[in-house]
Amino acid sequence: MKILHLNAGNESGGGMYHILSLLNELNREEFYLGVFEKGEMYDRARDLEIQTVLFQQNSRFDLSIVSKIIRFIRKEGIDIIHTHGARANCYGALIRSFVDVKWMTTVHSDPRDDFMGRGWSGKVYTFLNVRALKKADHHLAISERFKGILLDQHIDEARITTILNGIDFDKTLAEPLTRADLGIGEDEFVIMMVARLEAVKGHKVALKAMRNVVEDRPNIKLLLVGDGSEREALKEYATEQGIFGHVKFLGHRNDVERIYPIADVAILTSYSESFPLVLLEAARAGVPIMTTDVGGVDQLIPDESYGWIIPVEDSDQLTENLESAMSKKAQGTLKLMGEKIKKYSKRHFSVEQFANNVYNVYLKLGR
C-alpha cells in the first residue's frame, strides 16, 4: 500500500505538526508527502527523512499541478491520496475524477471558518472547499464536533472516522529558556498563547481579558507566539486598550517547547479548532490550560480540575478564570493542576495511538 499526503506546504502551525508527527511514525517506504510550495514544512519533512515531493506551483491558481500529481500517482502506484487543507482538498477532487485512486481528507478546522475575515474571496474559497470535501471517499474528523459539522453537510456517517490528535510525550526536549531570556520578571504571572495571528484565533478576546485583569493585577504578561495578517492590527488594539507593555509579540518561533515551561498558564481563544496540538504541547510541559469551547477540547479537559473551558468570545469569563489561576498560583495549587493534565494527556493522546488509528483507516479504505 502506498499513500501520498498532499498539502499546500505553507503550513507552519498545528496542521504542519499534525502531518509531520503522523508521517514520522509510519513506514517511510509506504508514505510520501507532496507539497505545492517550498517552505518550513518541506524543510522539516526532509530533515525527518520523510519521502517528500515538491510539486512546484507558480501561483494558487496554477492548475498544471494537477497533471504533475497524477503523473506521480501513476508512476509510483499510489493507492490512496490523503489531503490536508482547502487547496489540497480542491485538487483532490480534481485528481479523483481523472485517476483510479482512493481519496481521504483530514478536517483540521471548521471549513466554514477557514477564510474568516477575507471578504468575497473568502466566501468563494469556502464554497469550493466545502463542495470538494463532499466528494472524498473518507474523512478523518479531529473531534466529534467536527464529525457533526460534516454530518450537517450531508456527508454519510459511514465515510467519517473521528481520530483525536496525539503528540510524542517521551520526546527529549531542548533545555527551557529562562524568564530572563525573554525579559520577564520572576514574580510576574505569565500567560502564553500559541496561535496564528488571524481573526479565527480570537486574540482580541485575550487582549480584552488582559485589560480587565491588569486594572487590579498589573504584574502580568501575555506572550503571543505566532505571526499572521492581524499582527499590526493587534498591536494597535493592545495600545488602544492601554496594555501594550503587558503583551509580548514573539512572532513565529521554532522553539515553542522551550518557552512553555516559562508560562503559568496556556490559553487559546479560538472561534474554531479541531483538537489543538498547542494545548497538548502545553499539557506535556505541565502547564495548566484555559481554552474556548471548540473542537474536542472537552475530551482533553474532562472537568474543571484539569483546566478551564469558556464560551467562545467570552472575555469576561476569561478574565474570571485568569484571576482564579492567579489565586491558585498564590496558594501553590496551580502547578498541581498542570501535573494532572500532563498525566491525563500522556495516557490518552500519545502519537503512537494516533498513528495506529489512522493506519487502520488506510487498511479499511484500501480493501
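Check the entry above for the structure.
From a predicted model like this one, the values you see are computed outputs, not experimental measurements.

Chemist: I tried to follow the side chain of threonine 291 on my own but got confused; where do I start?
Modeler: Its place among the elements puts threonine 291 in strand β12 (residues 289–292). Setting aside its immediate chain neighbours within four residues, threonine 291 contacts Leu268, Leu279, Val297, Ile301, Trp308, Ile309 and Ile310.

Chemist: Hey, could you run me through the sheet that holds strand β7 (residues 160–162) in this one?
Modeler: Spatially, the 7 strands line up as an open sheet ordered β3-β2-β1-β4-β5-β6-β7, and their pairing is parallel. What marks the edges here is a single partner per strand, and that holds for β3 (52–54) and β7. The mean inter-strand angle of the sheet, taken between neighbouring strand axes irrespective of direction, is 25 degrees. As paired strands, strand β6 (residues 138–141) and β7 are joined by 3 bridges and run parallel to one another. Bridging across to β7, leucine 140 finds its partner in threonine 161. In this fold helix α1 (residues 14–25) packs onto β1 (3–7), β2 (31–35), β4 (80–84) and β5 (102–107), with an angle of close to 155 degrees to the strand it touches most, β2. Taken strand by strand, helix α3 (residues 64–76) contacts β1, β2, β3 and β4, and its axis lies near 165 degrees from that of β1.

Chemist: What is the right way to look at the packing of α1 against helix α14 (residues 351–365) in this model?
Modeler: To describe two helices that pack against each other, one gives the angle between their axes and the distance between the axes. Direction vectors running N to C along α1 and α14 enclose 80 degrees, while the axes themselves pass 9 Å from each other. Taken as axis vectors, α1 and α14 run roughly perpendicular relative to one another. Taken together, the residues of α14 that come into contact with α1 (itself represented by His18, Ser21, Leu22 and Glu25) are Val351, Glu352, Phe354, Ala355, Val358 and Tyr362. A breakdown of the residues in the contact of α1 with α14 according to their chemical character gives 6 nonpolar, 2 polar and 2 charged.

Chemist: Could you clarify how one ought to interpret the pairing of β1 in this entry?
Modeler: Strand residues, when the strand is regular, have side chains that alternate between the two faces of the sheet. Extensive coverage of β1 is indicated by the burial of 5 of its 5 residues. The alternating pattern of β1 places Ile3, His5 and Asn7 and Leu4 and Leu6 on opposite faces, both of which are buried. Sheet analysis places β1 next to β2, joined by 5 bridges and oriented parallel. Opposite histidine 5, over in β2, you have leucine 33 as the bridge partner. In terms of strand pairing, β1 meets β4 through 5 bridges, oriented parallel. Bridge pairing links leucine 4 to isoleucine 81 in β4.

About the thresholds
- Residues numbered from 1 in each chain as written.
- Predicted model: local features only at pLDDT ≥ 70, side-chain atom pairs only at ≥ 80, totals over all residues.
- Heavy atoms only, no water.
- Helix = DSSP H or I, 4+ residues; strand = E, 2+ residues; numbered from the N terminus.
- Contact = heavy atoms within 4.5 Å.
- Pairing = 2+ DSSP bridges.
- Axes fitted to C-alpha atoms, helices over the stretch in contact; angles between N-to-C directions.
- Parallel < 35°, antiparallel > 145°, perpendicular 65-115°, else oblique.
- Nonpolar A, V, L, I, M, F, W, Y, C, P; charged D, E, K, R; others polar.
- Buried < 20%, exposed > 50% of the residue type's maximum accessible area, 1.4 Å probe, protein only.

Function-wise, these values are silent; they only describe arrangement.
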